[in-house]
Every structure is written in structure tokens, then in C-alpha cells.
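Below are the chains, spelled out letter by letter.
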Amino acid sequence: MHVKQLLSLENKIILVTGGAGRYGKPIVEGLAEAGGTVITASRNLAAGQTLTEVFREKGLDVHALQVDQAEHQSVLALKEQLKAQFGGLDVFVNNAVARPMKSYNAPLEDWIESMRINATGMFDITREMADLIAGGGGGTIINIASMMGMFGPDLSNYEGTDMGEPPPDYFFHKGGMITLTRYLARVLAAKHIRINCISPGGLLSDTPLPARFLENYNKKVPLGRMATHDDIKGLVVFLASDASVYINGENILMDGGMHA
Ligand SMILES: NC(=O)c1ccc[n+]([C@@H]2O[C@H](COP(=O)([O-])OP(=O)(O)OC[C@H]3O[C@@H](n4cnc5c(N)ncnc54)[C@H](OP(=O)(O)O)[C@@H]3O)[C@@H](O)[C@H]2O)c1
């Protein structure tokens, strides 16, 4: 098959959770630019619809639905909607994240809330979407984890800022997501589903970051900068497409060489 055909996402129905978020936007855009029909889903439907309008003006086939991945009934309702409106699902991008815990010393309730969404909810939506993909004969799942699921925090990045240490729950559930990818790569293969993970580094987005943090961080990256909008697009398209059919259970670090 021609490589352009292998990389094409024409006729693929793709769900991205948290598509209106920072990494979500380029992920949705890249998948739609490669020809996919992309549905973003999160709790705030209005945010998804606003994103949809922007991308539709560019001629992209993007839709918005609502889901709270921490609520089983909401996940089941999304599954039914995908079946009814789009006939099923080919690709699921597990991108949503909640950050209720703010520091090492935050109340235990914040850790519990984080696990409700980022661990239990994340597993629930993955299992239900895998079931939907399997019903259509197979497809692929891409987990968006983080370099923070692979390495401990580099506290020197926060020197000279009032950012404090990064919250521990994030390292725990992102590490879990990478290991769950390996588990599911074996368990879901019989259903013709392959699953891979992307572990990105920090993204330079509209959220302002302290100048000192940027200075500290950029010094550690051989490419000298944080990730920007376009950096994840090619990788997510590759993993969603038939160009990566023999890649399964892999975790790809995308950190500009920070940990090389
Ligand atoms: N930003 C970075 O620098 C960075 C670095 C490495 C890895 N990552 C990874 O990239 C992914 C996206 O991160 P981000 O920084 O783009 O996050 P973000 O801007 O905070 O967006 C997160 C999205 O998740 C959705 N969400 C939160 N709770 C939800 C729930 N219960 N059900 C459904 N959707 C929910 C939110 O939408 P609603 O509020 O509408 O629900 C939001 O759109 C995450 O997996 C993160 O770990 C990010």
C-alpha cells in the first residue's frame, strides 16, 4: 500500500476525550487533517462545540459530545451515542485528565478525586470504548500519558518560582496508564485492537508559565524549548493509522530529548 494511504485516516471514526484542552486541540486537529471524523468529548459540551466551530470553518470533520468519564452511566451514554450517530468507533484517544490535587501536602480527598477520574474513570472509558471498537471488527487506542509517568520530578525546574513541587497523584496515574497500555496490548490483541501510549513533555500553551520555570526547563532540553502545538500531531496520526499496524504496547517519549 502507498505510504500516503497507510497514513490516511479517511473513513475512521475517532474519539478524543478532552479535545478542547491544551494537548487535545492539536490532537483533534491533526487527526481531522489526516481525514478522520473526530469527536471530542468532555464534561463541558459548550467548550467542545466552540472548538468544533473553529475546526469546521477550516473544513475539518469535527464533532462534540458530552461525557464525564468518572460517571459510568455517562460513559455508557457516550458509547450509545457513538453507535447511533457514527455507527461505531475505530480509534480512541484517551487524552482527558483532571488535576484536583495541587501539591504533595494536599488533602487525601484530592488524591481520591483524582483516582476517581484519572484511574477508575480512565479504565472504565477505555474498557467501554474498546468494546465498541471490537464490535466493529477492531481498531486502535492511543493513551496520552506523560514523561512524568516515566521519571520522577526534576525539582530544579521549579527553583526560583513559587510553583512548589508537582502533585504526586499525576506521577502515579500516568505511570499506571503506561503499564495498563502494556497489559491491554496483550489482552485486547485477540479483539484486533492494538494500543500504544505517547508520553509528552511540557507543552507551551496559552496558560502562562513563570519566566524562571521556562528558563530552567528549556536548559534541560537539547532542542532548547517546550513542546509546541504541531509537535504531537504527526505522532498521534501515525499511531492512529495503518502505518503503525505492527506497533503494539509501545510507549513513545516525546520530550525534545530531555531524558536522552
Ligand atoms: N499540558 C502539558 O504540558 C502535558 C504534558 C504532558 C502530558 N500531558 C497529557 O496530555 C493530556 C491532556 O492534558 P492537557 O494539559 O491538555 O489538559 P487540560 O488542558 O487540562 O485538558 C484536560 C481535558 O480533560 C477534560 N476532562 C477533565 N475531567 C474530565 C472528566 N471527568 N471527563 C471527561 N473529560 C474530562 C477537560 O474537559 P472538561 O473540563 O470539559 O471535562 C479538559 O478538556 C493529559 O493526558 C496529560 O496528562 C499534558
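Student: Outline the overall build of the protein chain, listing residues and values.
Tutor: Scanning the protein chain for helices and strands turns up 8 helices and 7 strands. In terms of C-alpha radius of gyration, the protein chain reaches 18 Å, essentially the compact-globule figure of 18 Å for 260 residues. Judged by the C-alpha coordinates and their principal axes, the protein chain covers about 50 × 40 × 40 Å. Surface exposure of the protein chain reaches about 12,500 Å², of which carbon and sulfur atoms provide 55%. With 23 positive and 28 negative side-chain charges, the protein chain shows a separation of 4 Å between the mean positions of the two kinds.

Student: Mind laying out the site of the ligand, listing which residues take part and the relevant values?
Tutor: Around the ligand, 25 residues are found, and the nearest of them are Tyr23, Ser42, Arg43, Tyr170 and Lys174. One of the backbone N or O atoms of Val97 is found 3.3 Å from an oxygen atom in the ligand. One of the backbone nitrogen or oxygen atoms of Leu203 is found 2.9 Å away from an oxygen atom of the ligand. Compared with its free state, where it exposes 890 Å², the ligand has 88% of that area covered by protein.

Student: Tell me about empty space enclosed by the protein, and please be specific about residues and values.
Tutor: Under the definition given, this model contains 1 cavity of 30 Å³ or more. When its volume is computed, the largest cavity comes out at roughly 40 Å³. At 3 residues, the largest contribution of residues to the lining of the largest cavity is made by helix H6 (residues 168-187).

Student: Can you explain the sheet that holds strand E1 (residues 13-17)? Please cite residues and give values.
Tutor: Taking strand neighbours across the sheet as the criterion, the 7 strands line up as E3-E2-E1-E4-E5-E6-E7 in an open arrangement whose pairing is parallel. A strand with exactly one partner marks an edge of an open sheet, and here the two such strands are strand E3 (62-66) and strand E7 (251-254). Adjacent strand axes in the sheet meet at a mean angle of 20 degrees when their direction is disregarded. One ladder, built from 5 bridges, connects E1 with strand E2 (residues 37-42); its direction is parallel. Looking at the pairing, Leu15 lines up with Ile39 of E2. Contacts from helix H5 (residues 108-135) reach E1, strand E4 (91-94), strand E5 (139-144) and strand E6 (193-200) within the one sheet, and its direction differs from that of E4 by about 170 degrees.

Student: How would you explain the nonpolar core if you had to name every residue and give the values?
Tutor: Of all hydrophobic cores here, the largest spans 29 residues; its most connected members are Leu15, Leu78, Leu82, Leu89, Phe92, Met129 and Ile141. Elements that contribute at least two residues to this core include exactly E1, E2, helix H4 (72-86), H5, H6 and E6. When residues of this core are assigned to their parent elements, the largest contribution, 6 residues, is made by H5. With 28 residues, the next largest nonpolar core counts Ile14, Leu31, Ile198 and Val237 among its residues.

Student: Before we move on, could you go through unusual backbone geometry and cite the residues and values that matter?
Tutor: The residue Asn11 is not glycine, and still its phi comes out positive at about 65 degrees. Assignment of secondary structure puts Asn11 in the loop between helix H1 (3-7) and E1. Notably, His192 is not glycine yet its phi reads approximately 65 degrees, a positive angle. Tracing the chain through its elements places His192 in the loop between H6 and E6. Classification of His192 by relative accessible area gives exposed; the value is 58%.

Student: I'd like a description of the pattern of salt bridges, backed by residues and values.
Tutor: Pairs may arise between side chains of opposite charge once their charged atoms sit close together. Tallied over the entire structure, the rule returns 12 salt bridges. Glu71 is paired through a salt bridge with Arg116; the nearest N and O atoms lie 3.3 Å apart. Of this pair, Glu71 sits in the loop between E3 and H4 while Arg116 sits in helix H5, and the two are 45 residues apart along the sequence. A salt bridge links Asp154 to Lys220, with the nearest nitrogen and oxygen atoms 3.3 Å apart. You can see Asp154 sitting in the loop between E5 and H6 and its partner Lys220 sitting in helix H7 (residues 211-220), a full 66 residues away along the chain. One salt-bridge network, in which partners are shared between bridges, spans Glu29, Glu33, Lys58, Asp230 and Lys233.

Student: For the pairing of E2, give the residues involved together with the corresponding values.
Tutor: Looking along a regular strand, one sees the side chains alternate between the two faces of the sheet. Burial within E2 is extensive, with 5 of its 6 residues counted as buried. You can see the chain leave E1, run along helix H2 (residues 24-33) and come back into E2, and the turn it takes is right-handed. The sheet contact formed by E2 and E3 spans 5 bridges and is parallel. Residue Ser42 lies in a different strand from E3, and its bridge partner there is Gln66. Note that the unit made of E2, helix H3 (residues 45-57) and E3 has a crossover that is right-handed.

About the thresholds
- Residues numbered from 1 in each chain as written.
- Predicted model: local features only at pLDDT ≥ 70, side-chain atom pairs only at ≥ 80, totals over all residues.
- Heavy atoms only, no water.
- Helix = DSSP H or I, 4+ residues; strand = E, 2+ residues; numbered from the N terminus.
- Rg over C-alpha atoms; globule rule 2.2 N^0.38 Å.
- Areas by Shrake-Rupley, 256 points an atom, 1.4 Å probe, with all protein chains shown as cover.
- Lys, Arg positive; Asp, Glu negative; His and termini not counted.
- Charge placed at Lys NZ, Arg CZ, Asp CG, Glu CD.
- Near = heavy atom within 4 Å.
- Polar contact = N/O pair within 3.5 Å; in protein donor to acceptor, adjacent residues only side chain to side chain.
- 1 Å grid on protein atoms, 1.4 Å probe; cavity = no way out; pocket = protein on both sides within 12 Å on 5 of 7 lines; lining within 4 Å.
- Points joined across faces, edges and corners; volume = space filled by probe spheres on them.
- Pairing = 2+ DSSP bridges.
- Axes fitted to C-alpha atoms, helices over the stretch in contact; angles between N-to-C directions.
- Contact = heavy atoms within 4.5 Å.
- Core = buried A, V, L, I, M, F, W, Y, C linked by side-chain atoms within 4.5 Å.
- Buried < 20%, exposed > 50% of the residue type's maximum accessible area, 1.4 Å probe, protein only.
- Salt bridge = Lys/Arg side-chain N within 4 Å of Asp/Glu carboxyl O.
- Right-handed = clockwise from strand over helix to strand, strands pointing away.

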